[in-house]
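Observations on the model geometry
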Amino acid sequence: MKQLFGRPAGLTDISQRYCPGCGHGIVHRIIGELLVKLNIRERTIGIAPVGCSVFADEYFNCDMIQPPHGRGPAVSTGIKRSRPDCIVFSYQGDGDLAAIGTAEIVHAAARNENITIIFINNAIFGMTGGQLAPTTLPGMKSTTSVQGRDIKKQGYPIKVCELLSGLDGPYYLARTAVDTPKNIINTEKALKTAFTYQIEEKGFSLVEILSMCPTNWGMTPVQSKKWIENTMVKYYPLGEYRNRAKEEK
Amino acid sequence: MPQVKILEEVCKGCGLCCDEVCPVNILVLSPDRINSSGYHPAEVTDNSKCIGCGYCFKICPEPAIEIYK
Ligand SMILES: Cc1ncc(C[n+]2csc(CCOP(=O)(O)OP(=O)(O)O)c2C)c(N)n1
Ligand code: SF4
Ligand code: SF4
Ligand code: SF4
Ligand SMILES: [Mg+2]
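Report follows, based on the coordinates. (Residues numbered from 1 in each chain as written. Chains lettered and ligands numbered in written order. Predicted model: local features only at pLDDT ≥ 70, side-chain atom pairs only at ≥ 80, totals over all residues. Heavy atoms only, no water.)

Focus: the overall build of chain B
Secondary structure summary: chain B contains 1 helix and 4 strands in total. If you list the helices and strands of chain B from N to C, you get β-β-β-α-β. The C-alpha radius of gyration computed for chain B amounts to 11 Å, which stays within 12% of the reference 11 Å derived for 69 residues, consistent with globular compactness. Seen along its three principal axes, the alpha-carbon backbone of chain B occupies a region of about 30 × 20 × 20 Å. Out of the 69 residues belonging to chain B, those deemed buried represent 51%. Once local pairs closer than 6 in sequence are excluded, the contacts in chain B between residues at least 24 apart make up 62%. When the 6 positive and 9 negative side-chain charges of chain B are each reduced to one mean point, those points stand 8 Å apart. (Helix = DSSP H or I, 4+ residues; strand = E, 2+ residues; numbered from the N terminus. Rg over C-alpha atoms; globule rule 2.2 N^0.38 Å. Buried < 20%, exposed > 50% of the residue type's maximum accessible area, 1.4 Å probe, protein only. Contact = heavy atoms within 4.5 Å. Lys, Arg positive; Asp, Glu negative; His and termini not counted. Charge placed at Lys NZ, Arg CZ, Asp CG, Glu CD.)

Have a look at this one:
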């Protein structure tokens with residue numbers, strides 16, 4: 001019998017230490033498949049973030065490095081510029097990318113660095129216990145906004161794709177989700193596009209992925225995917241925010 | 001006919017694959033089986049209905065599902 005679907009060779013055999021129903025694992029599987037499908041596994045260097053995916057260096061079956069919190073885009077820049085033959089991706093959460101790492105991501109995008117950013121937006125600091133993140137929705141409860149995010153005190157969320165699309169630099173920006181098979185297939189397509197543009201030396205690509213954190217949302221995994229569908233997507237619309245290849249046509 | 005294999009020990013019983021994902025609705029969390037991590041793993045109620053779409057695999061974070069043909 002032929003295997004139609006199964007664990008891709010781009011992932012190690014190590015069991016991932018994520019909570020049941022966590023979206024990180026779905027995105028890991030997609031990246032693991034692309035490393036093989038695009039035949040780039042042997043020349044890829046991945047950057048693991050600080051956050052629940054801090055152990056991603058053990059999960060991806062390619063060379064990995066784990067720099068300080070939020071510095072993925074800066075470290076990616078250094079690696080890519082010294083080893084342009086390598087494919088470089090930085091995997092980051094919303095606390096990592098949109099709080100402590102805001103400066104690094106904005107400048108890497110402005111420079112149109114030829115790197116790929118995989119940005120997991122779960123609207124929360126997952127690893128540290130569910131504190132408010134820059135992406136936490138207005139009114140959403142967290143352990144540091146127990147009455148719900150108050151925009152008068154904590155301001156408005158940062159919409160990373162919209163923010164970066166104000167820059168001339170980035171080549172490709174897209175937002176997807178992993179709540180339904182249809183959206184997961186779109187995530188597969190967006191990540192393939194992002195890696196392909198890097199292979200073609202087009203420049204900076206970022207895919208923002210809305211992802212379940214059942215533990216810190218205080219929901220079951222099934223409630224979490226429905227919350228993305230019914231609530232999160234309304235605040236963070238899905239789609240391409242920049243695709244220079246299409247604009248050039 | 002496609003064959004669905006649930007890797008019981010890898011499954012974390014999250015139930016994502018069991019809710020409105022399978023077009024022929026043949027996946028459920030086992031009411032009685034428990035794996036060594038303490039999770040009720042997903043199980044297939046009627047494999048003969050499987051169309052091999054892979055949706056269950058795609059949404060599985062582990063992934064604890066394999067599909068063969
Ligand atoms: C310099 C520094 N500041 C703060 C922390 C604490 N810290 C660890 S993970 C994290 C945020 C994680 O949230 P996110 O990036 O959204 O990842 P998630 O766990 O949600 O996937 C913080 C603030 C740290 N490890 N290092
Ligand atoms: S805390 Fe949230 S993001 Fe972290 S592993 Fe658990 S579900 Fe995933
Ligand atoms: S492959 Fe498709 S039809 Fe078969 S069990 Fe999975 S979701 Fe259902
Ligand atoms: S999605 Fe995967 S881990 Fe979750 S219940 Fe189904 S088989 Fe188990
Ligand atoms: Mg987060």
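What follows picks up the thread again.
Observations concerning the side chain of T116 of chain A
Residues and elements named next belong to chain A. With respect to the secondary-structure elements, T116 resides in strand β5 (residues 116-121). For T116, a relative accessible area of 0% corresponds to the buried category. A distance of 2.8 Å separates polar atoms of two side chains, one belonging to T116 and the other to Q198. A distance of 3.0 Å separates polar atoms of two side chains, one belonging to T116 and the other to S205. When neighbours within four sequence positions are excluded, T116 is seen to be in contact with V88, F89, S90, A194, F195, Q198 and S205. (Polar contact = N/O pair within 3.5 Å; in protein donor to acceptor, adjacent residues only side chain to side chain.)

Focus: the coordination of the magnesium ion (ligand 5)
Residue and element names in this part refer to chain A. Those protein atoms acting as donors to the magnesium ion (ligand 5) are D94 (OD), N122 (OD1) and I124 (O), and they sit at 2.1 to 2.2 Å. Mapped onto the sequence, the donors of the magnesium ion (ligand 5) take the spacing D-x27-N-x1-I. Residue D94 is located in helix α4 (residues 94-100), and its partner N122 is located in the loop between β5 and α6 (151-154); the two are separated by 28 residues in the primary sequence. Taken as a pair, D94 and N122 share a single burial class, namely buried. (Donors = N, O, S within 2.8 Å, 3.2 Å for Na, K, Ca; no water.)

Looking at the site of ligand 1
All names here are of chain A. Around ligand 1 sit 16 residues, and of these H24, D94, G95, D96 and G126 come closest. With respect to ligand 1, the backbone of I124 contributes an N or O atom lying 3.0 Å from an oxygen atom. M127 is positioned with one of its backbone polar atoms (N or O) 2.9 Å from an oxygen atom of ligand 1. (Near = heavy atom within 4 Å.)

Observations regarding the packing of helix α1 (residues 24-37) of chain A against helix α8 (residues 181-199) of chain A
Residue and element names in this part refer to chain A. Viewed as axis vectors pointing N to C, α1 and α8 meet at an angle of 45°, and their least axial separation amounts to 10 Å. By the angle class used here, α1 and α8 are oblique. Two packed elements cross with a definite hand, and for α1 against α8 that hand is right-handed. Note on element contacts: α8 touches α1 through I184, T187, E188, L191, K192 and F195, opposite I26, V27, R29, I30, I31, E33 and L34. Classifying every residue of the contact of α1 with α8 gives 8 nonpolar, 1 polar and 4 charged. (Axes fitted to C-alpha atoms, helices over the stretch in contact; angles between N-to-C directions. Parallel < 35°, antiparallel > 145°, perpendicular 65-115°, else oblique. Left-handed = near helix turned anticlockwise from the far one by under 90°. Nonpolar A, V, L, I, M, F, W, Y, C, P; charged D, E, K, R; others polar.)

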